[in-house]
Amino acid sequence: MKYCGYIDILGTKSLADHAIDDLRTQMEWFHNSLQDFFAEYHNGRCIAASDGAFYENENVDDFYPYYKRVRNFLFDKDVFFKCSYIPGSIGFRPRQIDSVDPNEKPRFLSLNFSNQSSQAYRAEARLKGIGCSVEGFGKSPKEKPNHTVSNFFLEKDGNKFRPIEFRDFAFSKFEVSGPDEEQPEWPGEQRLIEKIFFNISLTSMESDYIASKYIPLLINAIRSSDFENARASDRAWEEAPYVLKRIVSSRSPISGFTRLPGIRFVVLTLYDKIFSDNDDGIQEEAENRLVRFIARRKDCQTNLGAVPNFVLKPNAKKRLIRKLTEYRGISAGGL
């Protein structure tokens with residue numbers, strides 16, 4: 001069994017119109033990263049051209065060590081992309097017409113693809129956000145790649161945006177950590193949380209629609225973090241993952257783009273994650289601190305019943321609705 005996919009960096013058309021030098025720089029970073037980390041791509045093959053690349057490998061978990069290094073390098077350079085990873089073979093089929101002089105380059109070179117190349121391209125095209133769509137795998141854990149998390153992107157439906165679920169490759173612990181937290185897995189690995197917030201803020205000033213494509217990065221950061229044993233006092237977080245401390249704070253970065261499509265789903269995902277990671281019960285003050293933050297947002301208190309279960313699980317939804325009701329000063333027992 002083989003596995004394959006397609007990667008495509010974003011924003012190249014806009015750069016071609018307005019910043020050709022930046023486009024060349026991004027292309028250089030893209031191709032350099034694919035080559036520089038190729039030693040991590042065991043049993044893998046990759047054909048890159050312009051702003052995209054096809055790849056395939058032998059074993060289901062061969063791709064992730066390579067992918068996460070390429071992703072970390074490019075995201076740190078503000079080069080974002082979407083890609084796919086599916087079961088199947090690309091089927092590389094080169095065609096070539098040689099020059100008369102064997103020392104010269106071929107007069108004609110074509111790289112055609114067969115087998116699952118169209119499915120890999122289609123899976124990438126359907127993803128309307130930044131990340132990697134991992135799809136087409138069986139139900140058995142042995143058939144699925146490791147290091148994946150539940151994620152979602154936003155699809156525009158008329159004047160509304162609705163979340164669409166997909167499976168994504170997780171961030172590493174270091175990538176979602178804060179200063180003085182965790183140690184890098186490899187030399188040169190970069191933390192990404194602040195980079196993500198900066199680019200969302202920057203892009204939202206230009207286009208809310210384009211900025212919404214960054215939402216999967218925040219969901220991935222939340223899902224890749226450990227919310228177990230999160231602790232807070234009445235004034236501050238005492239122990240919590242960096243993404244939670246950063247968002248639920250007096251200087252929350254999301255306060256600058258509150259109208260961004262889908263931002264309410266990010267906030268609700270925080271509650272879903274802290275609920276899911278604490279089977280023995282969420283620490284009361286940690287939950288209260290998060291509920292107070294949610295209660296300040298009207299968009300997080302309406303039509304919660306319509307929020308998909310992959311954003312907010314039924315049990316978490318039920319508890320949150322009850323906690324929000326109690327926060328309003330309304331109790332089941334009355335006066």
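Above this text is the structure in question.
Below is a summary of the structure that appears in this document. Here the structure is a predicted model, which is why all the values come from computation and not from measurement. (Residues numbered from 1 in each chain as written. Predicted model: local features only at pLDDT ≥ 70, side-chain atom pairs only at ≥ 80, totals over all residues. Heavy atoms only, no water.)

### What to know about the overall build of the protein chain
Argument step 1. Summing up its helical and strand segments, the protein chain has 11 helices and 11 strands in all.
Argument step 2. Over its C-alpha atoms the protein chain spans a radius of gyration of 22 Å, differing by no more than 12% from the 20 Å that the globule rule assigns to 335 residues.
Argument step 3. Its C-alpha atoms give the protein chain principal-axis dimensions of roughly 95 × 45 × 45 Å.
Argument step 4. For the protein chain, the residues scored as buried account for 50% of the 335 residues in total. (Helix = DSSP H or I, 4+ residues; strand = E, 2+ residues; numbered from the N terminus. Rg over C-alpha atoms; globule rule 2.2 N^0.38 Å. Buried < 20%, exposed > 50% of the residue type's maximum accessible area, 1.4 Å probe, protein only.)

### Digging into the side chain of Ser212
Argument step 1. Secondary-structure assignment places Ser212 in the loop between helix H6 (208-211) and helix H7 (215-223).
Argument step 2. For Ser212, the residues in contact, after removing those within four places along its chain, are Leu154, Phe161, Leu260 and Pro261. (Contact = heavy atoms within 4.5 Å.)

### As for the environment of Ser276
Argument step 1. Summarising the element assignment, Ser276 is placed in helix H9 (residues 263-276).
Argument step 2. We classify Ser276 as partly exposed; its relative accessible area is 26%.
Argument step 3. Counting along the chain gives 126 residues from Ser276 to Ser150, while the straight-line C-alpha distance between them is 13 Å.

### Considerations on helix H11 (residues 314-327)
Given 3.6 residues to a turn, an α-helix orients residues that are three or four positions apart in the same direction.
Argument step 1. With 14 residues, H11 should reach 20 Å at 1.5 Å per residue; the first-to-last C-alpha distance of 20 Å fits that figure.
Argument step 2. Taken as a whole, H11 has its buried residues at Ala316, Lys317, Leu320, Lys323 and Leu324. Down the axis of H11, the buried side of the element spans an arc of 130 degrees, and every buried residue falls inside it. Set apart from the buried face of H11 by more than 90 degrees, the exposed residues are Asn315, Lys318 and Arg322.
Argument step 3. Lining the buried residues of H11 we find H9 and helix H10 (284-295).
Argument step 4. Phi turns positive, to about 90 degrees, at Gly329, one or two residues after H11. (Expected span 1.5 Å × (residues − 1). Arc of directions from axis to C-beta.)

### Points about a negative patch on the surface
Argument step 1. Together, Asp226, Glu228, Glu238, Glu239, Asp279 and Asp280 make up a negatively charged patch on the protein surface.
Argument step 2. Overall, Glu228 belongs to the partly exposed group, its relative accessible area being 45%. (Patch = residues over 30% accessible without salt bridge, like charges linked within 9 Å, V, L, I, M, F, W, Y side chains within 5 Å. Areas by Shrake-Rupley, 256 points an atom, 1.4 Å probe, with all protein chains shown as cover. Salt bridge = Lys/Arg side-chain N within 4 Å of Asp/Glu carboxyl O. Lys, Arg positive; Asp, Glu negative; His and termini not counted. Charge placed at Lys NZ, Arg CZ, Asp CG, Glu CD.)

### Comments concerning the packing of aromatic side chains
Argument step 1. Inspection of the entire model under this criterion finds 25 aromatic pairs.
Argument step 2. Ring geometry for Tyr67 versus Phe169: centroids 5.3 Å apart, planes at 45 degrees, classification tilted. With Tyr67 in helix H3 (residues 63-76) and Phe169 in strand E9 (residues 160-169), this pair connects stretches of sequence that are 102 residues apart. The two residues Tyr67 and Phe169 agree in class, both being buried.
Argument step 3. Ring plane angle 40 degrees and centroid distance 4.8 Å describe the contact between Phe75 and Phe80, whose orientation is recorded as tilted.
Argument step 4. For Arg69, the ring lying beneath its charged end belongs to Trp186, and the centroid distance is 4.6 Å. (Phe/Tyr/Trp six-rings, centres within 6.5 Å; stacked < 30°, edge-to-face > 60°. Lys NZ or Arg CZ within 6 Å of the ring centre and 35° of its normal.)

### Some words on the pairing of strand E2 (residues 44-49)
Argument step 1. Pairing geometry for E2 and strand E3 (residues 52-57), over six bridges, is antiparallel. When the bridges of E3 are listed, Cys46 appears paired with Tyr55. (Pairing = 2+ DSSP bridges.)

### Looking at the sheet that holds E3
Argument step 1. In spatial order, the strands read E2-E3-E1-E4-E7; together these five strands make up an open sheet with mixed pairing. Taken across any chain shown, the strands that pair with only one partner, and hence form the sheet edges, are E2 and strand E7 (131-134). Within this sheet the neighbouring strands show an average axis-to-axis angle of 15 degrees, counted without direction.
Argument step 2. As paired strands, strand E1 (residues 3-9) and strand E4 (residues 81-87) are joined by five bridges and run antiparallel to one another. By the bridge assignment for E4, Ile7 is matched with Cys83.
Argument step 3. Strand contacts of H3: E2, E3, E4 and E7, with the helix running at about 175 degrees to E4, the strand carrying the most contacts. (Axes fitted to C-alpha atoms, helices over the stretch in contact; angles between N-to-C directions.)

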